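Structural characterization, general
Next come the chains, spelled out residue by residue.
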Amino acid sequence: MSHPLVDDLVASLGRRKASAQVVTAADAARAAARAMGDAGVARAVLADDPLVRDLKLHEALRREGIEALVWPTALSKREMLGLEGPEDSCGVTVPRTAVAERGTLVLEASPGHGRGIDVTNRHHVALLPAGRIVRTLGEALAQAFADGHPAPSAVSLVSGPSRSSDIEKISTLGAHGALSEHVVIIT
Amino acid sequence: MSTRRRRSSGGVAYPDAEGTLRERTVQALADDTLRGNLATAAASWGESRDAMRRDHGLDAMRERAREIRRRNIRDLPALLSEMQAKVREAGGTVVRAQDGAEATRYITGLARARGVTVVAKSKSMATEEIKLNESLTDAGIEVVETDLGEWILQLAGEHPSHIIAPAVHLNRGQVAALFREEAGTDDVPDDREGLVAHARVRLREKFAQAGMGVSGVNLGVASTGTVCIVENEGNARLVTSQPRIHVAVMGMERVVADWDEAAHILQVLPMAAIGQDAANYVNLITGPRREGEVDGPEEFHLVIVDGGRGALRGTEFEEALSCIRCGACLYSCPMWKSVGGQAYGSPYSGPIGAVITPLLEGPASPSSRDLPFMSSLCGSCGEACPVGIPLQNLLVRARARASSPATRRSAVAFRAWSRLWRRPATYRAWMAGWRLMLRARGKGGWVRRLPGPGAGWTQVRDMPSRWPPRP
């Protein structure tokens, strides 16, 4: 089953040098774990989100031999920043929405969803229910900052892996944040 | 770390800029490496930006962006009050600073009071303007620029040359040499990926130590008290999430009313700045971390800097306050493309810098008085501006402001010239005199040297001795 917003998001993510795959809920955990396994990930830091629990991502990661830690972790700051411990870590996030025409993930900070999860780790995997995709940035921001609710302390718009063009104006990935971004779109 | 940056004297322009504007310009023109790097950068920007105009209708978005920003500036006092109230409601502190000195005093005092020894910064033109690094360094606090381009310049002891791409004038070999010196080892790779990976680890060490993060603000959203920080590298997210304290420094004009306006400007900004339809990271921050959250700063301070901006409202220069600091006018300017940003001697270079530096400094400032003349008035800046600032008109007005009464002698000369040319008879006599003189001096159809005030002109140009030139 194909949906125009899903197709547009996949195309936009491609332009942003992120990868994406469209799977059913039954396959999502295995697909996410496989993607991490292929990237050589040793440790995953998971947002504490009902979706992560429902998908039983921990079990899939265990089968791939990947250590799974749930936010908030007991890691020290140096470990969080990858200065100690395994270098190949992966942050697993659950975006609140995603913007189809820009390839943008909208991450909201909360007690279960640390604002550094996607950016401190070397890789970033996002689990995105297809129903959360909107067309424009305006729609996504209107949802995140709806009237009558206090604004979240931090909303991060993430559009592809970290990038710098500061050396000779040529785009190079993995400057400070994640070197790779993979979005598992769940239908 | 050795640095050429020196203490501030309170102005916007760099107090340590060497030589006069003319000397710096001539020096930059003679630097072939610099001009090559600038040409490459401007060309790649031009290509990507053209793609944005073609595929995303950037030109059509411009009119709305212009309207939004004009309205914001008109409503500025009310928007700032709302912004301030909302930030406080979210648990943050707001400080309104009249000038740079007041802002740096507050931030440096805060760092001292909290026992901060290392400050991690993300790229911010406002902190360049208020000379925050110098102030913190003087207080014995280590300041680390974490944007890759800014860090490279910090190691080189140089000032940024572009709003968006600060180190655009240095090449890979120059960068590798700086990294080797900083790390104290030759074990630094030469390739681009290797250099970026090296910087990532070195700077993460700093993030682990930093007690305070300082960022700029691209946009403030009044309706929720949110600051928007736009970036590609992810360093601004680390700056705003790892240290215990986050200080955001915002020029007072950078505020929009609501999220509808913010959504539009946040899309226009990366299109105009880097020719991309989204920046990789946009951090939208409302106050400090909330109860139960374990990362993010415990304290959030918003420092709103006037620095001469408020006084521009209601003047013929008000439109300059609409600027969203995208850098498009720099890349489009033939003058900037030839000499780069450092020649301007101000954090704000290019056409917008030539307009606002003297405005923020005051008309009497010798360091920036001549900046409005760094333009051929070709108008490409006004065409490139995504918020429709008529930069070429502002440059002309800024020139008028700088010319009187600073150079009264030239005013007398221009008046005399205008009297001569206004009458057909004296105009024709003038031209006939010139024709005779050129023919008398011409050799083989060309004049290679002119006497008196014309000498400077023929130093680098030849002139046909008659028009049209003989074949």
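Residues numbered from 1 in each chain as written. Chains lettered and ligands numbered in written order. Predicted model: local features only at pLDDT ≥ 70, side-chain atom pairs only at ≥ 80, totals over all residues.

Another point: the overall build of chain A. The number of helices and strands found in chain A is 7 helices and 12 strands. Taken over C-alpha atoms, the radius of gyration comes to 16 Å for chain A, in line with the 16 Å a tight globule of 187 residues would show. Viewed in the frame of its principal axes, chain A has a C-alpha envelope of about 45 × 40 × 35 Å. Residues classed as buried in chain A amount to 55% of the 187 residues present. (Helix = DSSP H or I, 4+ residues; strand = E, 2+ residues; numbered from the N terminus. Rg over C-alpha atoms; globule rule 2.2 N^0.38 Å. Buried ≥ 20, exposed ≤ 12 C-beta atoms within 10 Å, placed from the backbone.)

This part covers the overall build of chain B. A tally of regular secondary structure across chain B gives 20 helices and 12 strands. The globule rule puts the C-alpha radius of gyration for 471 residues at 23 Å, and the 25 Å found for chain B is close to it. With respect to the principal axes defined by its C-alpha atoms, chain B has extents near 85 × 55 × 45 Å. A burial count over chain B gives 49% of its 471 residues as buried.

Moving on, we get to the interface of chain A and chain B. Often, the extent of an interface is quoted as the loss of accessible area upon association of its parts. Residue-level contacts link 45 residues of chain A with 59 residues of chain B. Of all the secondary structure elements, the ones that give two or more residues to the side of chain A that touches chain B are helix 5 (77–80), helix 7 (137–144), strand 9 (154–158) and strand 10 (163–164) of chain A. In terms of residue count, strand 9 of chain A provides more of the side of chain A that touches chain B than any other element does, 5 residues in total. The residue inventory of the side of chain A that touches chain B, partitioned by class, reads 19 nonpolar, 18 polar and 8 charged. Relative to strand 9 (residues 281–285) of chain B, strand 9 of chain A is paired through 5 bridges, and the arrangement is antiparallel. Across the sheet, residue L157 of chain A finds its bridge partner in strand 9 of chain B, namely V282 of chain B. (Contact = placed C-beta atoms within 7 Å. Nonpolar A, V, L, I, M, F, W, Y, C, P; charged D, E, K, R; others polar. Pairing = 2+ DSSP bridges.)

Time to look at the pairing of strand 1 (residues 19–23) of chain A. In regular strands, side chains alternate between the two faces of the sheet. Residue and element names in this part refer to chain A. Side chains A20 and V22 of strand 1 all project onto a buried face; the interleaved residues S19, Q21 and V23 project onto a face where none is buried. Sheet topology places strand 1 next to strand 12 (residues 180–186); 5 bridges connect them, and they run parallel. Residue pairing for strand 12: V23 is matched across the bridge by I186.

Segmenting chain B into domains produces domain 1 (60–310) and domain 2 (420–464). Spacing between the C-alpha centres of domain 1 of chain B and domain 2 of chain B amounts to 54 Å. (Domains from an automatic or database assignment.)

Moving on, we come to the sheet that holds strand 8 (residues 133–134) of chain A. The 8 strands are arranged 8(A)-5(A)-6(A)-9(A)-9(B)-6(B)-5(B)-8(B) in an open sheet whose pairing can be described as mixed. A single partner strand is all that each edge strand has here, and the edge strands are strand 8 of chain A together with strand 8 (255–256) of chain B. Pairing of strand 6 (residues 104–108) of chain A with strand 9 of chain A involves 4 bridges; the strand directions are antiparallel. Residue pairing in the sheet places L107 of chain A in a bridge with S156 of chain A of strand 9 of chain A. Set on the sheet, helix 12 (residues 259–274) of chain B makes contact with strand 5 (219–221), strand 6 (226–231), strand 8 and strand 9 of chain B; between it and strand 5 of chain B the angle comes to about 165 degrees. (Axes fitted to C-alpha atoms, helices over the stretch in contact; angles between N-to-C directions.)

This paragraph deals with the confidence of the model for chain B. Taken over all residues, the pLDDT of chain B has a mean of 92, while the share at 70 or more is 96%. Scoring of the predicted complex yields 0.91 for pTM and 0.97 for ipTM. (pLDDT = per-residue confidence, 0-100.)

Turning our eyes to something else, we now look at the environment of P451 of chain B. Residue and element names in this part refer to chain B. Mapped onto the secondary structure, P451 falls in the loop between strand 11 (446–447) and helix 20 (455–459). Residue class for P451 comes out exposed when judged on the 9 C-beta atoms lying within 10 Å of it. Expressed as a C-alpha distance, the spacing of P451 and A85, which sit 366 residues apart in the sequence, is 66 Å.

Below, the discussion takes up the sheet that holds strand 1 of chain A. Residue and element names in this part refer to chain A. With parallel pairing, the 6 strands of this open sheet are ordered in space as 1-12-7-4-2-3. Each of the sheet's edge strands pairs with one partner strand only, and the pair in question is strand 1 and strand 3 (67–70). Along the sheet, successive strands turn relative to each other by an average axial angle of 20 degrees, direction set aside. Note that strand 4 (residues 89–93) and strand 7 (residues 123–129) share 4 bridges and pair parallel. Bridge assignment links C90 to a residue of strand 7, and that residue is H123. Helix 1 (residues 4–15) rests against strand 1 and strand 12 of the sheet, and its axis sits at about 155 degrees to strand 1.

A word on helix 15 (residues 350–361) of chain B. An α-helix turns once every 3.6 residues. As a result, residues three or four positions apart point the same way. Residue and element names in this part refer to chain B. For helix 15, which comprises 12 residues, the first-to-last C-alpha distance of 16 Å matches the rise-based estimate of 16 Å (1.5 Å per residue) to within 8%. In terms of residue burial, helix 15 counts as a mostly covered element, since 12 of its 12 residues are buried. Where the residues of helix 15 are buried, they touch helix 13 (328–332), helix 14 (334–339), helix 16 (380–384) and helix 17 (391–403). Once helix 15 finishes, G362 follows within two positions and takes phi at roughly 100 degrees, a positive value. (Expected span 1.5 Å × (residues − 1).)

Side chains that are nonpolar tend, in soluble globular proteins, to be buried together. A32, L127 and V184 of chain A are the most contacted members of the largest nonpolar core, which has 190 residues in total. Here this core gets 11 residues from one element, more than from any other, and that element is helix 12 of chain B. (Core = buried A, V, L, I, M, F, W, Y, C linked by C-beta atoms within 7 Å.)

Attention shifts here to the environment of R30 of chain A. Assignment of secondary structure puts R30 of chain A in helix 2 (residues 25–38). Taking the C-alpha atoms as reference points, R30 of chain A and A60 of chain A, separated by 30 residues in sequence, lie 5.5 Å from one another.

Residue and element names in this part refer to chain B. If you check helix 3 (residues 58–74), its first and last C-alpha atoms are 24 Å apart, about what 17 residues at 1.5 Å a residue would give, namely 24 Å. Along helix 3, the positions that sit buried rather than exposed are L58, A65, I68, R69, N72 and I73. Those residues of helix 3 that are buried lie in contact with helix 2 (32–56), helix 4 (76–89), strand 8 and helix 12.

Turning our attention to the packing of helix 8 (residues 148–156) of chain B against helix 9 (residues 172–183) of chain B. Residue and element names in this part refer to chain B. It is the contact of helix 8 with helix 9, at a shortest axis distance of 10 Å, that shows an interaxial angle of 65 degrees. The pairing of helix 8 with helix 9 is recorded here as roughly perpendicular in orientation. The element helix 8 and its partner helix 9 pack so that their crossing is left-handed. Judged by residue contacts, I152, L155 and A156 of helix 8 engage V175, L178 and E182 from helix 9. In the contact of helix 8 with helix 9, the residues fall into 5 nonpolar, no polar and 1 charged. (Parallel < 35°, antiparallel > 145°, perpendicular 65-115°, else oblique. Left-handed = near helix turned anticlockwise from the far one by under 90°.)

Residue and element names in this part refer to chain B. Close contact between helix 9 and helix 10 (residues 192–209) brings their axes to 11 Å; oriented N to C, the two are set at 30 degrees. In the packing of helix 9 onto helix 10, the handedness of the crossing is left-handed. Judged by residue contacts, R172, V175, A176, F179 and A183 of helix 9 engage R192, L195, H198 and R202 from helix 10. Looking at the contact of helix 9 with helix 10, its residues break down into 5 nonpolar, 1 polar and 3 charged.

All names here are of chain A. Assignment of secondary structure puts E139 in helix 7. Residue class for E139 comes out partly exposed when judged on the 15 C-beta atoms lying within 10 Å of it. Separated by 40 residues in sequence, E139 and V99 have C-alpha atoms that sit 8.3 Å apart.

All right, on to unusual backbone geometry then. Between W71 of chain A and P72 of chain A the backbone carries a cis peptide bond, its omega angle lying at -5 degrees. Among the secondary structure elements, P72 of chain A is positioned in the loop between strand 3 and helix 5. The residue K56 of chain A is not glycine, and still its phi comes out positive at about 55 degrees. Counting through the fold element by element, K56 of chain A comes out in the loop between helix 3 (50–54) and helix 4 (57–63). Look at R325 of chain B: it is not a glycine, yet its phi comes out positive at around 55 degrees. Mapped onto the fold, R325 of chain B is located in the loop between strand 10 (299–305) and helix 13.

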